[in-house]
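# Topology and contacts: notes
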Amino acid sequence: MNPLTGRWVAVATDRAARPSDLVSRPEPTIADATQPCPFCPGNEEATPPALETYDRGGQWTVRVLPNRYPAFDGDEVLHVSHLGPVFTEAMGSGIHEVLVFTPEHKASFAELDDKQVAVTMAALRDRLEAHSRRPVVRYTQAILNHGRDAGASLEHPHAQLLGIPFVPGEIADEEAGFGRFGGPCLLCTTLEAEEDAGHRVVHADERVVVICPFWAGIPYEMLVLPRDHQAHIVDTSPRDITAVGRAIRDVLAKLHSCIGPTSYNVVFHTAPHRSAAPFHWHAHIWPRVTSIAGFEQGTGVLINILAPELAATHLAVS
Ligand SMILES: [Zn+2]
Ligand SMILES: [Zn+2]
Ligand SMILES: [Zn+2]
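Residues numbered from 1 in each chain as written. Chains lettered and ligands numbered in written order. Predicted model: local features only at pLDDT ≥ 70, side-chain atom pairs only at ≥ 80, totals over all residues. Heavy atoms only, no water.

This brings us to the sheet that holds strand 9 (residues 201-204). Taken in spatial order, the ten strands make up an open sheet running 2-3-6-8-7-12-13-11-10-9, and their pairing is antiparallel. The sheet terminates laterally at strand 2 (52-56) and strand 9, the two strands that pair on one side only. With strand direction ignored, the average angle separating the axes of adjacent strands in the sheet is 15°. Taken together, the five bridges between strand 2 and strand 3 (residues 59-66) define a ladder with antiparallel strand orientation. Bridge pairing in strand 3 links threonine 53 to arginine 63. Sitting on the sheet, helix 3 (residues 186-197) touches strand 9, strand 10 (208-211), strand 11 (222-226) and strand 13 (282-287), and the angle it makes with strand 11 is about 110°. (Pairing = 2+ DSSP bridges. Helix = DSSP H or I, 4+ residues; strand = E, 2+ residues; numbered from the N terminus. Axes fitted to C-alpha atoms, helices over the stretch in contact; angles between N-to-C directions. Contact = heavy atoms within 4.5 Å.)

Time to look at the coordination of the zinc ion (ligand 1). Within the protein, the zinc ion (ligand 1) binds to Cys37 (SG), Cys40 (SG), His105 (ND1) and His156 (ND1); these donor distances fall in the range 2.0 to 2.3 Å. Around the zinc ion (ligand 1) sit four donor atoms; with metal-centred angles ranging over 105 to 119°, the donor geometry is tetrahedral. Counting along the primary sequence, the residues that act as donors to the zinc ion (ligand 1) give the motif C-x2-C-x64-H-x50-H. Of this pair, histidine 105 sits in the loop between strand 6 (95-100) and helix 1 (114-132) while histidine 156 sits in the loop between strand 7 (139-146) and strand 8 (159-164), and the two are 51 residues apart along the sequence. Here histidine 105 falls in the partly exposed class, since its relative accessible area comes to 22%. By relative accessible area, which is 0% here, histidine 156 ends up buried. (Donors = N, O, S within 2.8 Å, 3.2 Å for Na, K, Ca; no water. Tetrahedral: all angles 85-135°; square planar, octahedral: opposite > 155°, others 65-115°. Buried < 20%, exposed > 50% of the residue type's maximum accessible area, 1.4 Å probe, protein only.)

In structure tokens, the structure reads:
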């Protein structure tokens, strides 16, 4: 049982007939050869003006841009209209930004150096703070999609921030999980219990622990837990947020050496803006090594064909 979401997970390890069942080749993202990459240095004119630029030695290292095709946009407060007994709608107000976290077209998050990780994580934090000042934005989802199987549409490495005018179901479910838990904090307790158990820990340093959680729903799923209990990423110290970035970089590199090039999603979960409800911010890493089929879609129950203990062992020796 995943105590964050309250959903059951099935572990069915004999379904993995061949090791190749677990490996997805990251299909290259579709590159339009007639268009130069809008995120490469020298092509800055191809994008809307940057909202924020971070420089080193006269060269930008991280750029934050408005998404040219925003999924959420504008400052109109959430006004819900009922157009019929079952037709409810509201304006998709909010913010949709792209965070280009390296000038290098062929790099990936797993290959960033320490300084580049620090700037990227500082930029992420700065943007979350800017979002939290916009009354219309209730929650911001920061994501990193790598590879076409994970939904990346442009090859140049980048993250996205979507500031949305409501608290999405997944976060509401996790908030309920924190509320349901009897102890002081669900994820502080998880961190302690997983360190005691030991065999699902993939990375541990003085600031961050990364585990293949007991309730992993997909092969090589990882949960990144900062030791410092904070509900909001913006309340985290620069050292802690940098340490989280480096831990993610390191475990993605392990994933790569373990199963080769793979599409994945990195998803940051932080408390909704201005919320005081119990939460402990964290990141999920979901490699795209298997596909979600009808049973998973129909029931919300994931069938994991690789036990998290084994996944952690594979990653540890990589
Ligand atoms: Zn590029
Ligand atoms: Zn906690
Ligand atoms: Zn979460």
